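Per-entry structural report
Chain by chain, the residues:
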Amino acid sequence: MDTIYLDNSATTKTDEEVIKAMMPYLVENYGNPSSIYKIGRENKKAIEEAREKVAKALNCEPNEIYFTAGGSESDNTAIRGVAYSYKSKGNHIITSKIEHPAVLETCKQLEKEGFEVSYIGVDENGIVNLEELKKAIKPTTTLITIMFANNEIGTIQPIKEIGEIAKQNNIVFHTDSVQAVGSVKIDVRDLNIDSLSLSAHKFYGPKGIGALYVRKGVRFDKFINGGHQERNKRAGTENVAGIVGLGKAIEIAYRDLEEHNKKIKELRDYYVQQVTEKIPYVKVNGDMEKRLPGNSNISFRFIEGEGLLLNLDLKGICASSGSACTSGSLDPSHVLLAIGLPHEIAHGSLRISIGKYNTKEEIDYVVESLVEIVGKLREMSPLWEKFIEEEKK
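In this report, the structure presented in the accompanying data block is examined. Sequence order sets the numbering: in each chain, residues are counted from 1 along the sequence as written. Only residues with pLDDT of 70 or above have their local features reported here, since the model is predicted, and side-chain atom pairs are shown and tallied only from 80 upward, although totals for entire chains, interfaces and linings are computed over all residues. Derived side-chain values reflect all non-hydrogen atoms in the structure, with water molecules and hydrogen atoms excluded from consideration.

**A short note on unusual backbone geometry**
Filter applied, for reference: Per the convention used, a helix needs a DSSP run of H or I reaching at least four residues, while a strand needs a run of E reaching at least two, with both numbered from the N terminus. When a residue's accessible area, from a 1.4 Å probe over protein chains only, is under 20% of the maximum for its type it is buried; when over 50% it is exposed; and in between it is partly exposed.
Despite not being glycine, Glu230 shows a phi value in the positive range, around 50 degrees. In this structure, Glu230 sits in helix α7 (residues 229-232). Residue Glu230 is classed as buried on the basis of its relative accessible area of 6%. Despite not being glycine, Arg231 shows a phi value in the positive range, around 50 degrees. On the secondary structure map, Arg231 appears in helix α7.

As structure tokens, this is what we get:
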């Protein structure tokens, strides 16, 4: 069997329609959008058309959308930009313990610069504790940044309620929606979202291009100085082909959302059912209802996630033991520890993220492979041997 790609939370394959839309801007339409001649003006028009598509998907105004190089830049700009701009009001930020490193590392850096950050907890399914959030608010709180959906366990947060809490307390609310955009309908007006980050390569668009929504009236400092691009918030010649690709990708994602989500969720549920029925001593992590349609995170007791991934790779299967941005770390996932898993179980986690190109035949092959691999790895594990001996007593 060819390579089976089940790591769509890390990145997705670029849609053929998206590539087709981008190609003219990589070949003949090469003008600088800031130029006044025709091929420059045409590129400027293409950027604005893409901006309108993003705004339509989020139910906001086009002038509230800023293009960036991706989710991490959008998160950094949103958090640091608001923190600096509202510093005269206060220096306190609230976030959660399960955020993406782009948020957590930014907050840690701000702490070194004199800002105060509160990291609130989550329950066993990864849902933010709203009472803890309310109690964390201070007169100096200027920003709440809570992700829309978790990149590792797929849990979707009570975003509307968080937005209401922020609004009632006159606090800016930012949400890292990199995993959610393209998989969940998002109306920033209805959900009281002031700022939102997204990245094209999570919904079948190109890598290296993202966007930041900032509600009109919310102040934020710019972080790249130079020209006057992006309404003087992000200097630098625009990535025209990437922007066009992002616009096309988000248009397709919401055009086909219900159809794709139905198929993806059915495959995900089938996978979870098969694994839990055929492999003993496993734990499904995260909330199965308030969850991204394609995400599955399962811990396999008595084995190491790294060994699982290497053996899957030998069978042509691409998966993950957590976020791609933290896969270089030997420490257990901070998300799994935050939901209360002990180190030894967190280490044996496998994230499968199903996308629109996956099939039931692929899932069957993956489950068959997992049964074999888990059995083999457990036979090699002294922890498994000790467990079996104790079970016999």
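**Some points on empty space enclosed by the protein**
Our working definition: Note on definitions: the grid is 1 Å and covers protein atoms alone; a cavity is a set of points where a 1.4 Å probe fits but cannot get out; a pocket is an open set with protein on both sides within 12 Å along at least five of seven lines; lining residues have an atom within 4 Å of a point. Grid points are joined across faces, edges and corners, and a volume is the space filled by probe spheres set on the points. Just so you know the grouping, Ala, Val, Leu, Ile, Met, Phe, Trp, Tyr, Cys and Pro go in nonpolar, Asp, Glu, Lys and Arg go in charged, and all remaining residues, Gly too, go in polar.
Under the defined criterion, the tally for this structure stands at 1 cavity of 30 Å³ or more. In this structure, the largest cavity spans a volume of roughly 350 Å³. Around the largest cavity sit 27 residues that line it, and Gly182, Ser183, Lys202, Tyr204 and Ile264 are the ones nearest its centre. If you tally residues by element for the lining of the largest cavity, the top one is helix α9 (residues 257-278), at 4 residues. Grouping the constituent residues of the lining of the largest cavity by class yields 11 nonpolar, 12 polar and 4 charged.

**Re the environment of Phe203**
Turning to its location among the elements, Phe203 is positioned in the loop between β7 (195-199) and β8 (210-214). The class for Phe203 is buried, based on a relative accessible area of 2%. As a C-alpha pair, Phe203 and Ile252 span 49 residues in sequence and 9.1 Å in three-dimensional space.

**Quick look at the pairing of strand β10 (residues 295-300)**
Put simply, the rule is: In this analysis, strands are considered paired if DSSP registers two or more bridges between them.
Of all 6 residues making up β10, 6 are buried, and the element is well covered by its neighbours. The alternating pattern of β10 places Asn295, Asn297 and Ser299 on one face and Ser296, Ile298 and Phe300 on the opposite face, and all of these are buried. In the sheet, β10 pairs with strand β12 (residues 349-353) via 5 bridges, with the strands oriented antiparallel. Across the sheet, residue Ile298 finds its bridge partner in β12, namely Leu350.

**Some thoughts on the sheet that holds strand β4 (residues 116-120)**
To keep it simple, the criterion reads: Interaxial angle, 0 to 180 degrees, is taken between N-to-C directions of lines fitted to C-alpha atoms, where a helix line uses only the stretch in contact. Working rule for contacts: check all heavy atoms of both residues, and any pair within 4.5 Å makes them a contact.
Read from one edge to the other, the open sheet built from 7 strands follows the order β2-β8-β7-β6-β5-β3-β4, with strand pairing classed as mixed. Edge strands, defined here as strands with exactly one partner in the open sheet, are β2 (65-68) and β4. Strand after strand, the sheet turns through a mean of 20 degrees between neighbouring axes, direction not considered. The pairing of β7 with β8 spans 5 bridges and is classified as antiparallel. Bridge assignment links Ser195 to a residue of β8, and that residue is Val214. Against the sheet, helix α2 (residues 38-58) touches β2, β7 and β8, its axis set at about 115 degrees to β2. In this fold helix α3 (residues 71-85) packs onto β2, β3 (92-96), β5 (141-145), β6 (172-176), β7 and β8, with an angle of close to 160 degrees to the strand it touches most, β7.

**Concerning a negative patch on the surface**
Threshold: Exposure above 30% relative accessible area and the absence of a salt bridge qualify a residue for a patch, where like charges join within 9 Å and nonpolar side chains (Val, Leu, Ile, Met, Phe, Trp, Tyr) within 5 Å. Computed with a 1.4 Å probe, the accessible areas rest on the Shrake-Rupley method; for each residue, only the protein chains presented here act as cover. Whenever a carboxyl oxygen of Asp or Glu lies within 4 Å of a side-chain nitrogen of Lys or Arg, that contact is scored as a salt bridge. His is not counted here, nor are the chain ends, while Lys and Arg score as positive and Asp and Glu score as negative. Every charge is mapped onto a representative atom, which is NZ of Lys, CZ of Arg, CG of Asp or CD of Glu.
On the surface, Glu379, Glu385, Glu389, Glu390 and Glu391 cluster together to form a negatively charged patch. Looking at which element gives the most residues to the negative patch, the answer is helix α14 (residues 382-392), with 4 residues. Under the relative-accessibility criterion, Glu390 is labelled partly exposed at 45%.

**Re the sheet that holds β10**
Spatial strand order, β9-β10-β12: 3 strands in an open sheet with antiparallel pairing. Here the strands that pair on one side only, and so sit at the sheet edges, are β9 (282-284) and β12. Strand after strand, the sheet turns through a mean of 25 degrees between neighbouring axes, direction not considered. Relative to β10, α9 is tilted by about 10 degrees, and along the sheet it contacts β9, β10 and β12.

**Comments concerning the nonpolar core**
Our working rule: By convention a nonpolar core is built from buried Ala, Val, Leu, Ile, Met, Phe, Trp, Tyr and Cys residues, the set being connected through side-chain atoms within 4.5 Å.
Counting residues in each nonpolar core, the largest one holds 65 residues, and the members touching the most others are Leu58, Ile186 and Ile193. Of the residues forming this core, the biggest block, 10 residues, is contributed by helix α8 (residues 240-255). Leu308, Ile352, Val366 and Leu370 belong to the second-largest nonpolar core, a separate cluster that totals 26 residues.

**Focus on the pattern of salt bridges**
As enumerated under the stated definition, the model contains 24 salt bridges in all. Among the ionic pairs, Lys44 bridges to Glu238, the shortest N-O distance being 4.0 Å. Of this pair, Lys44 sits in helix α2 while Glu238 sits in the loop between α7 and α8, and the two are 194 residues apart along the sequence. Judged by relative accessible area, which is 34%, Lys44 ranks as partly exposed.

**Regarding the packing of aromatic side chains**
Filter applied, for reference: Any two rings among Phe, Tyr and Trp, with Trp reduced to its six-membered ring, count as a pair given centres within 6.5 Å; such a pair is stacked if its planes are under 30 degrees apart, edge-to-face if over 60, and tilted if neither. In this analysis the charged atom, NZ for Lys or CZ for Arg, is taken to sit over a ring once it is within 6 Å of the ring centre and within 35 degrees of the ring normal.
The full count for this structure, using the stated rule, is 10 aromatic pairs. An aromatic cluster of three or more residues is present, and its members are Tyr281, Phe302, Trp384 and Phe387. The ring of Phe387 has Arg301 sitting right over it, with the charged end atom 5.4 Å from the ring centre.

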